[in-house]
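Each chain, written out:
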Amino acid sequence: MYHDIWMVPVPLKAKIMVSLTIRGRLNTKDLLASKGAQIAVVCILCGEEDETQTHLFLKCQWVTRIWASIKFRLCIVSDPVDILSLWSDWRHNAVSCQKKMKWDIWACAIL
Ligand SMILES: [Zn+2]
């Protein structure tokens, strides 16, 4: 399921970050705290919620504005509930929409 990441024509650092995110291994503040780091876990963007992967990439008020402006171009029809479902929906829509460009846009959005 994750092998598609390596086929997207974007820099390796973007592929690695997406791979870590999908597998829930990106070092967001909540994950660092669970590993023993003595840090405040509050989101640096909004200051209202803990910085989890889901919050940082999908739920933060700053990020939802970005998603609202690009999700049509990416053929995303519903609001994603988590990173894995976003990736799954995206893969499905990428095939059905026959628009390779959305893969590129998605990767740029992550950068
Ligand atoms: Zn936030």
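Throughout this description, residue numbers start from 1 for each chain and increase along the sequence as written. Whole-chain, interface and lining totals are the exception, using all residues; otherwise, since this is a predicted model, local features are given only for residues with pLDDT of at least 70 and side-chain atom pairs are given and counted only at 80 or more.

We count a stretch as a helix when DSSP gives it H or I for four or more residues in a row; a strand needs E for two or more, and each element gets its number in order from the N terminus. Tallying secondary structure elements over the chain gives six helices and zero strands in all. Starting at the N terminus, the α and β elements of the chain follow one another as α-α-α-α-α-α. Burial status across the chain gives 15% buried among its 111 residues. Pairs at least 24 apart in sequence give 41% of the contacts found in the chain among residues at least 6 apart. Partly exposed residues are those whose C-beta has more than 12 but fewer than 20 other C-beta atoms within 10 Å; with 20 or more the residue is buried, with 12 or fewer it is exposed, and the C-beta atoms are placed from the backbone. Remark: residues whose backbone-derived C-beta atoms lie within 7 Å of one another are considered to be in contact.

Moving on, we get to the environment of Ser19. Of note, Ser19 is situated in helix α1 (residues 12-22). Sequence spacing of Ser19 and His3 is 16 residues, and the spatial spacing of their C-alpha atoms is 9.1 Å.

Time to look at the nonpolar core. Remark: nonpolar core denotes a set of buried Ala, Val, Leu, Ile, Met, Phe, Trp, Tyr and Cys residues whose joining runs through C-beta atoms within 7 Å. Ranked by size, the top nonpolar core spans six residues in total: Cys43, Leu56, Phe57, Cys60, Ile83 and Leu86. Excluding its chain neighbours within four sequence positions, the residues that come into contact with Cys43 are Glu48, Glu49, Asp50, Glu51, His55, Leu56 and Cys60.

What follows deals with the confidence of the model for the chain. For any part of a model where pLDDT is low, the fine detail of the predicted coordinates should not be relied upon. Note: pLDDT gives the predictor's confidence per residue, expressed from 0 to 100. Confidence in the prediction of the chain, expressed as mean pLDDT, is 81, and 81% of residues score 70 or more. Per-element mean pLDDT across the chain ranges from 56 in helix α6 (residues 101-110) up to 97 in helix α2 (residues 29-34).

What follows is about the environment of Thr52. Within the secondary structure, Thr52 sits in the loop between α2 and α3 (53-59). On a C-alpha basis, the gap between Thr52 and Leu31 in space is 7.5 Å, while along the polypeptide they are 21 residues apart. When neighbours within four sequence positions are excluded, Thr52 is seen to be in contact with Thr28 and Asp30.

Structurally, Ile76 is set in the loop between α4 (61-70) and α5 (83-97). Residues Ile76 and Trp90, spaced 14 residues apart in sequence, show a C-alpha to C-alpha distance of 6.8 Å.

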